[in-house]
Amino acid sequence: HAKEAGCDNYQFYATEMNSKAAKRLLFEVQLRHAVVRQEFVVYYQPKVDTADRKLIGAEALIRWNHPDLGLLTPANFIAIAEDSGLIVSIGQWVTEEVCRQNQAWLQHGHACVPISVNLSAIQFRNKSLVDSLRILLEETGLPPRLLELELTESVIMQGSETVIGTLQRLKQLGINLSIDDFGTGYSSLSYLKRFPIDTLKIDQSFVWDIAHDESNAAIIKAIISMAHSLKMSVIAEGVETQEQLAFLEAHQCDAIQGYYFSQPVPAMKFEEMLKVQRTLH
Ligand code: C2E
Ligand code: MG
Ligand code: MG
Ligand code: MG
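No experiment lies behind these values; they were computed from the predicted model shown.

**With respect to the site of ligand 1**
In step 1: Around ligand 1, a shell composed of 23 residues is seen, among which Arg63, Asn118, Asp180, Glu240 and Tyr259 lie nearest.
In step 2: A distance of 3.0 Å separates a nitrogen atom of ligand 1 from a polar atom in the side chain of Gln45.
In step 3: In the model, an oxygen atom of ligand 1 is placed 2.8 Å from a nitrogen or oxygen of the Tyr259 main chain.
In step 4: When contributions to the shell around ligand 1 are tallied by element, the ones reaching two or more residues are strand S2 (55–66), helix H3 (87–107) and strand S6 (176–182).
In step 5: The biggest single contributor to the shell around ligand 1 is S2, with 4 residues.

Listed below in structure tokens is the structure:
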């Protein structure tokens, strides 16, 4: 059938491809506009101390309030932002927004917590990263300890002196550094100790079936003890159930992030949480 319709089929395929390419191009143009029109929104997901369930931080997660499509999650646009290079200006916006917001909360007298921002590899390679962060911290007046950057293993694993140098300069600014989605890449123990990293974030894929998959449970235990022996703290992502929480608590995982406590929430809602500084159960 496909052969019979060969010609038409090709025709169809070509049109399909063109429209896909056209859609993609349109989306990229819209993304470019979104930066200028400030259509992005930052959501905040609480991080909770495993032992006393207190709010100890948050992760900033970008959303795009698309004029036609509504609120889009990063899966819909981060890859395109990276391919097009727009991630640099988008990332700059997110970091600014988070620093301004957290400084405002500090000024309002709320108990303040560090907020982490995800940094893509492209941003990390950008020559002006450290300088622009230094200027941002100076301009907003935010204490650097209240800002954290989440890097991926792929960034770290390039392992060059340039990478180590950049990490050291970020640490000198007083910023906290963590490795996101830890365990999905190929970092080794001996490798990790060369980097000035404060926190490992255990990838949620290990957490999901913690109670039923023995190898995942073993991996989590290994990551926790490895991190602690390197004087790093550990946070588990994607914690949704009491069962997962109990396992992580029993194995001294320092902190927890996941729907069990809270989904990512808009700034106003997170501010309420800061005001109460309530213990989350
Ligand atoms: P990530 O940094 O690993 O963030 C955690 C993701 O897991 C978030 O998805 C969060 O909403 C989701 N999550 C948290 N707790 C749970 C849970 O209990 N269950 C489940 N199923 N999911 C949970 P989100 O917000 O869609 O973000 C996806 C990814 O997009 C992030 O993964 C991060 O890599 C990227 N991203 C988000 N914001 C930014 C940004 O501002 N800049 C850059 N470069 N990347 C970003
Ligand atoms: Mg992250
Ligand atoms: Mg993650
Ligand atoms: Mg992830």
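The rest of the description comes next.
**Concerning the pattern of salt bridges**
In step 1: With the rule as written, the count across this model stands at 14 salt bridges.
In step 2: Across the salt bridge formed by Lys47 and Glu148, the nearest N and O atoms sit 3.7 Å from each other. Taken as a pair, Lys47 in strand S1 (residues 40–49) and Glu148 in strand S5 (residues 147–152) lie far apart in primary sequence, 101 residues in all. The same class applies to Lys47 as to Glu148, namely buried.

**Considering the environment of Asp131**
In step 1: Mapped onto the elements, Asp131 comes out in helix H5 (residues 129–140).
In step 2: Distance in space between the C-alpha atoms of Asp131 and Leu173 is 9.7 Å, their sequence separation being 42 residues.

**A few points about the coordination of the magnesium ion (ligand 3)**
In step 1: Those protein atoms acting as donors to the magnesium ion (ligand 3) are Asp180 (OD), Asp181 (OD), Glu237 (OE) and Glu237 (OE), and they sit at 2.1 to 2.5 Å.
In step 2: In primary sequence terms, the donor set of the magnesium ion (ligand 3) follows D-D-x55-E.
In step 3: Here the magnesium ion (ligand 2) and the magnesium ion (ligand 3) are spaced 3.9 Å from one another, each receiving a donor from Asp180. Of this pair, Asp180 sits in strand S6 while Glu237 sits in the loop between strand S8 (233–236) and helix H11 (242–250), placing them 57 residues apart in sequence. Just as Asp180 is buried, Glu237 falls in that class too.

**Section: helix H10 (residues 214–229)**
In step 1: Compared with the 22 Å implied by 1.5 Å per residue over 16 residues, the 23 Å span of H10 between its first and last C-alpha is a close match.
In step 2: Directly beyond the C-terminal end of H10, a positive phi value near 60° is found at Lys231.

**What to know about the pairing of S8**
In step 1: The sheet contact formed by strand S7 (residues 199–202) and S8 spans 4 bridges and is parallel. When the bridges of S8 are listed, Ile202 appears paired with Ala236.
In step 2: Bridging between S8 and strand S9 (residues 255–256) involves 2 bridges; their strand directions are parallel. If you follow Ala236 over to S9, its bridge partner there is Ile256.
In step 3: Viewed along the sheet, the connection from S8 through H11 into S9 turns out right-handed.

Cut-offs applied
The numbering scheme is per chain: residues are counted from 1 as the chain's sequence reads. Both sets of labels track the order of writing: A upward for chains, 1 upward for ligands. At least 70 in pLDDT is required for a residue's local features to be given in this predicted model, at least 80 for side-chain atom pairs to be given and counted, and no such filter applies to totals for whole chains, interfaces and linings, which use all residues. The side-chain numbers reported here are obtained from all heavy atoms of the structure, hydrogens and water having been left aside. The near set for a molecule or strand comprises every residue that places at least one heavy atom within 4 Å of it. Side-chain atoms alone can form a polar contact between residues adjacent in sequence; in general such a contact is a pair of N or O atoms within 3.5 Å, and within protein one must be able to donate a hydrogen while the other accepts it. Put simply, DSSP H or I for four residues or longer makes a helix, DSSP E for two residues or longer makes a strand, and each gets a number counted from the N terminus. When a carboxyl oxygen of Asp or Glu is within 4 Å of a side-chain nitrogen of Lys or Arg, the pair counts as a salt bridge. Categorising residues by exposure relies on relative accessible area from a 1.4 Å probe, with only protein chains included: less than 20% of the type maximum marks a residue as buried, more than 50% marks it as exposed, and the intermediate range marks it as partly exposed. A 2.8 Å cut-off from the metal defines N, O and S donors, relaxed to 3.2 Å for Na, K and Ca; water is not in the atom list, so some sites may appear incomplete. Multiplying one less than the number of residues by 1.5 Å gives the expected span of a helix. Two strands qualify as a pair provided that DSSP identifies no fewer than 2 bridges between them. Whether a crossover is right-handed comes down to one check: with the strands pointing away from the viewer, does the path from the first strand over the helix to the second run clockwise; if it does, it is right-handed.

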